[in-house]
Amino acid sequence: MEKKVERGAHVLFVPYPAQGHINPMLQFGKRLAIKGVQSTLAATIFMSKSIHLGSGLVQIDTISDGYDECGFAGAESVAAYVTSFRAIGSRTLSELISRHSASKQPISCVVYDPLISWVLDVAKEHDLAGAAYFTMPCAVNTIVYYVSRGLLSLPISSPLVSIPGLPFLKVEDLHGFLGNPEQYPDYLQGTLDQYSNMEKADYVLINTVYEWENKVVDSISSQLPFLTVGPTVPSIYIDNRVEDDKFYGFNLFNPDNETAINWLKDKPPSSVVYASFGTIANLCEEQIKELAQGLKASDAYFLLVIRGLEQAKLPEYILGDKGMLVHWTHQLEVLANEAIGCFFNTLWVEFDT
């Protein structure tokens, strides 16, 4: 455990290829870069096309998931994508590390997303330090840890779930694939596999703030020594230590922030519900209608983010006089607006808010 990574080292970040996983790693890389650590992010070829970095603090290199033209959307199934990414990703990541080994500053540490735990195996094959970096809150990861270690059995039959450091939870408070494991078997297995080789990691990092989750962090640290390193958000929202750091640098979809911000201008403080469900969730027509009807019935102003192709599922009349529909936004800029009073998101929400 704990191979020391010296100042001036070269850290390679390998995120799971989804926006909510890439952006926290980009921000972490920027923070290390201003401390003199060379930072490189290994994105899949498809995802690399959507990364636009102005500062140059983090360099971009690429690996392949086997779906270079359209990413996950091109896979026949979740299982097919996971299998392809493990096989082709492992090979191309190893090639990337070997290529850098001949440079003036070879890679000395790999920071990886535990959702792709095989990255740690590749790092160890090259005798590199490996750091697991969880992009989600400690509470979420602790629940998954308890399931992975058999400390919480599935399916859950009791009305309340007790996890040390957390309040009592109802089944509906948990991930959908924990409450209904047979409904999402591939997602469940991928989530549990995060801990399959964790004992090989030299560091275990988590994107949170200790003061926000001190009870659950203290509780789980006796079994898994988490180091809190968050929140990894653009510097303008925290301390301005990273020059001109206003945006993450990665958007899978083109944001329509002008429409959203202009609509918010005349709304009273803390009066708007902001509903957005990320880049992965695909809601069916019935779910989208139910969501919009619930927002309308609340009689509150609401800003609803529905990705472009899914907007056809939503009748315009449901928005009423208090609703606004956009296809994508810069999430932090919207959340920072004083008109926002409630953020309605999935349980997967990262601490980038």
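Fair warning: this is a prediction, and the values are worked out from it, not measured in the lab.

## Concerning the overall build of the chain
When helices and strands are counted, the chain shows eleven helices and 13 strands. In the chain, which comprises 353 residues, the proportion classed as buried is 49%. Of all intrachain contacts in the chain linking residues separated by at least 6 positions in sequence, the fraction that spans at least 24 positions is 66%. Accessible surface, the chain as shown: approximately 16,700 Å² in total, 52% of it carbon and sulfur.

## Structural notes on the sheet that holds strand E5 (residues 129-134)
Here seven strands make up an open sheet; going across it, the order is E3-E2-E1-E4-E5-E8-E9 and the pairing parallel. With one partner strand each, in any of the chains shown, strand E3 (58-63) and strand E9 (226-228) form the two edges of the open sheet. The sheet shows a mean angle of 30 degrees between the axes of neighbouring strands, taken without regard to direction. Packing of helix H3 (residues 78-101) onto the sheet brings it into contact with strand E1 (10-14), strand E2 (38-44), E3 and strand E4 (109-112), and relative to E3 it is tilted by some 130 degrees.

## A few points about the sheet that holds strand E13 (residues 340-344)
Ordered by their spatial adjacency, four strands build an open sheet running E12-E11-E10-E13, and the pairing between neighbours is parallel. Both outer strands of the open sheet, strand E12 (323-326) and E13, are each paired with one neighbouring strand and no more. Taken pair by pair, the neighbouring strands of this sheet meet at an average axis angle of 20 degrees, ignoring direction. The pairing of strand E11 (residues 301-305) with E12 spans four bridges and is classified as parallel. Within E12, the residue paired with Leu 303 across the bridge is Met 324.

## Considering the nonpolar core
Among the nonpolar cores identified, the biggest contains 52 residues, and Leu 12, Val 14, Leu 93, Val 110 and Met 198 are the most heavily contacted of them. Leaving out residues up to four positions away in the same chain, Val 110 has contacts with Leu 12, Val 14, Ile 97, Val 119, Ala 123, Leu 128, Ala 129, Gly 130 and Ala 131. By size, the runner-up hydrophobic cluster in this structure holds 19 residues, among which are Cys 109, Ala 131, Tyr 133 and Leu 205.

## Quick word on the environment of Leu 120
Mapping Leu 120 onto the fold places it in helix H4 (residues 118-125). For Leu 120, a relative accessible area of 0% translates into the label buried. The spacing of Leu 120 and Gly 130 is ten residues in sequence and 6.0 Å in space, taken between C-alpha atoms. Excluding anything up to four places from it in sequence, Leu 120 contacts Tyr 112, Gly 130, Asn 197, Lys 200 and Ala 201.

## Overview of H4
By the burial criterion, the buried members of H4 are Trp 118, Val 119, Leu 120, Val 122 and Ala 123. Tucked inside the fold, the buried residues of H4 contact E1, H3, E4 and E5. Positive backbone phi, at 60 degrees, marks Asp 127, one or two positions downstream of H4.

## Description of the packing of H3 against H4
Taken N-terminus to C-terminus, the directions of H3 and H4 make an angle of 35 degrees; their axes are 10 Å apart at the nearest point. Where H3 crosses over H4, the two elements pack in a sense that is right-handed. Counted together, Phe 85, Arg 86, Gly 89, Ser 90, Leu 93, Ser 94 and Ile 97 of H3 and Trp 118, Val 119 and Val 122 of H4 form the full contact between these two elements. Partitioning the contact of H3 with H4 into residue classes produces six nonpolar, three polar and one charged.

## A look at the packing of aromatic side chains
In the structure shown here, the tally under the stated rule is twelve aromatic pairs. Grouping aromatic residues by their ring pairs yields a cluster made of Tyr 67, Phe 72, Tyr 81, Phe 85 and Trp 118. The ring of Trp 263 carries Lys 267 above its face, with NZ or CZ at 4.2 Å from the centroid. Across the ring face of Tyr 301, the terminal group of Lys 322 is positioned such that the distance to the ring centre comes to 5.3 Å.

## Looking at the pattern of salt bridges
Tallied over the entire structure, the rule returns eight salt bridges. Notably, a salt bridge pairs Lys 200 with Asp 121, separated by 3.1 Å at the nearest N-O pair. Linking Lys 200 in the loop between helix H7 (185-192) and strand E8 (203-206) with Asp 121 in helix H4, this pair joins segments that are 79 residues apart in sequence. Look at Lys 200 and you get partly exposed, because its relative accessible area is 40%. As a salt-bridge pair, Asp 202 and Lys 124 come within 2.5 Å of each other at their nearest N and O atoms. Of this pair, Asp 202 sits in the loop between H7 and E8 while Lys 124 sits in helix H4; the two residues are 78 residues apart in sequence, bridging distant segments of the chain. Judged by relative accessible area, Asp 202 falls into the buried class, the value being 5%. A single salt-bridge network, built from bridges that share partners, covers Arg 31, Asp 239 and Arg 241.

The rules behind each value
- Residues numbered from 1 in each chain as written.
- Predicted model: local features only at pLDDT ≥ 70, side-chain atom pairs only at ≥ 80, totals over all residues.
- Heavy atoms only, no water.
- Helix = DSSP H or I, 4+ residues; strand = E, 2+ residues; numbered from the N terminus.
- Buried < 20%, exposed > 50% of the residue type's maximum accessible area, 1.4 Å probe, protein only.
- Contact = heavy atoms within 4.5 Å.
- Areas by Shrake-Rupley, 256 points an atom, 1.4 Å probe, with all protein chains shown as cover.
- Pairing = 2+ DSSP bridges.
- Axes fitted to C-alpha atoms, helices over the stretch in contact; angles between N-to-C directions.
- Core = buried A, V, L, I, M, F, W, Y, C linked by side-chain atoms within 4.5 Å.
- Left-handed = near helix turned anticlockwise from the far one by under 90°.
- Nonpolar A, V, L, I, M, F, W, Y, C, P; charged D, E, K, R; others polar.
- Phe/Tyr/Trp six-rings, centres within 6.5 Å; stacked < 30°, edge-to-face > 60°.
- Lys NZ or Arg CZ within 6 Å of the ring centre and 35° of its normal.
- Salt bridge = Lys/Arg side-chain N within 4 Å of Asp/Glu carboxyl O.

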